[in-house]
Amino acid sequence: MKIQDANGELFKQASKRLDELAKLPAHNADKDLMQELESRGFSRRDFMKWSGMMTATLALPASFAPLTAKAAEVANRLPVVWLHMAECTGCSESLLRSDAPSIDSLIFDYISLEYHETVMAAAGWQAEQNLHHAIEKYAGEYILMVEGGIPKGSSEFYLTIGGHARTGAEEARIAAKNAKAIFAIGTCSSFGGIQAAHPNPTNAVPLSEITSRNVINVPGCPPSEKNIVGNVLHYILFGSLPTLDAYNRPTWAYGLRIHDLCERRGRFDAGQFVEHFGDENAQKGYCLYKVGCKGPYTFNNCSKLRFNQHTSWPIQAGHGCIGCSEPHFWDTMNPFEEPIGNKLYATSFNGLGADKTADTIGAVVLGATAIGIAAHAIISSTQNAK
Ligand code: SF4
Ligand code: SF4
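Residues numbered from 1 in each chain as written. Chains lettered and ligands numbered in written order. Predicted model: local features only at pLDDT ≥ 70, side-chain atom pairs only at ≥ 80, totals over all residues.

For the chain, an unreviewed UniProt entry supplies the name Hydrogenase-2 small chain and the organism Helicobacter cinaedi CCUG 18818 = ATCC BAA-847. According to the UniProt record, the Subunit (unreviewed entry) comment for the chain is "Heterodimer of a large and a small subunit." According to its UniProt record, the chain has this under Sequence similarities (unreviewed entry): "Belongs to the [NiFe]/[NiFeSe] hydrogenase small subunit family." (UniProt positions renumbered as here; feature names shortened; annotations may be inferred.)

What follows is the structure in structure tokens.
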């Protein structure tokens with residue numbers, strides 16, 4: 001099938017799905033998305049601009065922008081249950097807390113959030129009741145989003161929640177059972193995160209080790225708000241899982257390395273490096289590899305999306321990437337302000353060694369990253385073929 005035909009068919013399917021969703025009762029019928037946005041100073045034009053940008057982020061043709069807008073408008077038809085496990089709540093906070101809310105955070109507010117401990121009014125027994133009520137009422141329909149690592153096995157008791165003192169693992173298993181789709185939000189839920197870092201005293205594991213259901217990982221410490229909202233929109237548009245890489249990360253968000261789209265990449269290729277933080281080369285915006293940047297080993301779209309309403313991102317601010325969207329990065333990517341050197345690590349490179357010394361970086365890192373691209377392509381295509 002030609003690409004245009006494939007897109008045409010996809011467009012028709014998504015339109016039909018959105019029309020059907022629009023007929024369903026809204027879970028917060030008192031809210032109108034455009035009114036909510038306008039009350040915060042966003043015009044229809046801002047919203048359409050945002051829809052165009054989200055469409056490009058989701059790697060869809062520009063013609064899908066009106067559908068992305070409609071997907072946001074019907075987002076209140078889709079019940080969402082968001083659980084907190086062992087975590088700092090940074091993923092929620094990064095999305096919800098801002099003195100000038102973005103369109104992403106307002107859309108997240110508009111989504112039918114049936115349960116989210118950080119933003120709901122209920123507490124204690126009532127909160128627990130609300131959770132189980134939502135899970136029963138919307139069985140088979142709700143999207144489950146889980147933030148945080150989860151103590152497992154004989155260590156499950158390290159995380160107990162609510163009046164019945166159920167373990168986090170128990171709550172996650174119950175909620176996962178009848179969910180329509182399941183997302184692990186943040187690196188802790190996707191890969192265990194800092195809770196699972198050596199020596200992992202609570203035997204924390206990712207959500208995918210707690211449930212046998214398929215889990216889509218949205219890692220990052222924290223993940224960008226667009227990667228969280230984008231996954232919800234993708235699900236509303238297509239009702240199916242996006243293409244995933246070997247670590248179950250959506251390839252539209254995690255298909256490229258930080259290094260591939262970095263604004264300092266030209267400096268790397270030219271062998272121009274910051275030698276010490278604050279030196280003359282730092283002022284000139286040279287590459288941060290020698291002061292520990294892990295961008296060559298990290299798959300994420302931060303350089304495209306940035307943070308704080310697209311203001312900046314770590315490398316633009318002058319610190320290297322620490323590899324926060326890779327499995328076990330706390331153990332494998334440190335020391336964070338030095339190159340990895342000869343260290344063997346088990347992230348996307350499956351135990352391949354990195355460069356030998358910073359001085360031979362040009363040849364060796366370019367070789368290692370080329371291997372990385374190939375390794376990622378192979379594992380991604382293997383995964384996609386499943
Ligand atoms: S090593 Fe880091 S700072 Fe340098 S080009 Fe790659 S991602 Fe950018
Ligand atoms: S630049 Fe690297 S460490 Fe920073 S948020 Fe992006 S993936 Fe995480």
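What follows continues from the structure just given.
Draft legend 1. Expanded view of the UniProt feature "binding site: [3Fe-4S] cluster" (unreviewed entry) in the chain. What UniProt calls "binding site: [3Fe-4S] cluster" (unreviewed entry) maps, in this numbering, to Cys302, Cys321 and Cys324. The greatest C-alpha distance among the residues just named is 10.8 Å, despite their covering 23 residues of sequence, which places them together in space. Here cysteine 302 shows up in helix H14 (residues 302-305). Cysteine 302 gets classed as buried once you count the C-beta atoms within 10 Å, which come to 24. Mapped onto the elements, cysteine 321 comes out in the loop between helix H15 (314-317) and helix H16 (329-332). The residues touching cysteine 321, leaving out its near neighbours within four places in the chain, are Ile258, Cys293, Lys294, Gly295, Thr298, Pro314 and Ile315. (Helix = DSSP H or I, 4+ residues; strand = E, 2+ residues; numbered from the N terminus. Buried ≥ 20, exposed ≤ 12 C-beta atoms within 10 Å, placed from the backbone. Contact = placed C-beta atoms within 7 Å.)

Draft legend 2. Spatial organisation of the site of ligand 1. In the vicinity of ligand 1 lie 15 residues, with Cys262, Phe268, Cys287, Cys293 and Gly295 positioned nearest. Residues belonging to the shell around ligand 1 are distributed by class as follows: ten nonpolar, three polar and two charged. (Near = placed C-beta within 6 Å. Nonpolar A, V, L, I, M, F, W, Y, C, P; charged D, E, K, R; others polar.)

Draft legend 3. How the structure looks around the pairing of strand E3 (residues 143-147). Within E3, five of the five residues are buried, which leaves the element mostly enclosed by the surrounding structure. Across the two faces of E3 the burial is the same, with Ile143, Met145 and Glu147 and Leu144 and Val146 all buried. With five bridges joining them, strand E1 (residues 79-84) and E3 adopt parallel strand pairing. By the bridge assignment, valine 80 is partnered in E3 with isoleucine 143. (Pairing = 2+ DSSP bridges.)

Draft legend 4. Highlighting the environment of glycine 52. Position of glycine 52 among the secondary structure elements: in helix H3 (residues 44-57). The spacing of glycine 52 and threonine 68 is 16 residues in sequence and 7.8 Å in space, taken between C-alpha atoms. Here glycine 52 is in contact with Ala62 and Ala65, once residues within four sequence places are set aside.

Draft legend 5. Region of interest: the sheet that holds strand E7 (residues 181-185). Pairing is parallel across the open sheet formed by five strands, whose spatial order is E2-E1-E3-E7-E9. With partners counted over all chains shown, the strands left at the sheet margins are strand E2 (112-116) and strand E9 (216-218), one partner each. The average angle at which neighbouring strand axes cross in this sheet is 25°, direction not considered. In this fold helix H7 (residues 124-137) packs onto E1 and E2, with an angle of close to 135° to the strand it touches most, E2. The sheet contacts of helix H10 (residues 225-238) involve E3, E7 and E9, and relative to E9 the element is tilted by about 150°. (Axes fitted to C-alpha atoms, helices over the stretch in contact; angles between N-to-C directions.)

Draft legend 6. How the structure looks around the site of ligand 2. Not every one of the 13 residues close to ligand 2 is listed here, only the nearest: Asn300, Cys302, Pro314, Cys321 and Cys324. Here the shell around ligand 2 is composed, by residue class, of eight nonpolar, five polar and no charged.

Draft legend 7. Molecular detail of the environment of serine 92. Tracing the backbone through its elements, the reader meets serine 92 in helix H5 (residues 90-96). Residues in contact with serine 92, not counting those within four places in the same chain, are Thr118 and Glu147.

Draft legend 8. Expanded view of unusual backbone geometry. Cis peptide bonds are those with omega within 30 degrees of zero, and the linkage from histidine 198 to proline 199 qualifies with 5°. Relative to the helices and strands, proline 199 is located in the loop between helix H9 (186-191) and strand E8 (204-205). Residue proline 222 follows cysteine 221 across a cis peptide bond; omega there is 5°. Within the secondary structure, proline 222 is located in the loop between E9 and H10. Despite not being glycine, asparagine 203 shows a phi value in the positive range, around 50°. Position of asparagine 203 among the secondary structure elements: in the loop between H9 and E8. The partly exposed category is assigned to asparagine 203, around which 17 C-beta atoms lie within 10 Å. Although it is not a glycine, histidine 328 sits at a positive phi angle of roughly 55°. One can find histidine 328 in the loop between H15 and H16. By the C-beta count within 10 Å, which is 18 here, histidine 328 ends up partly exposed.

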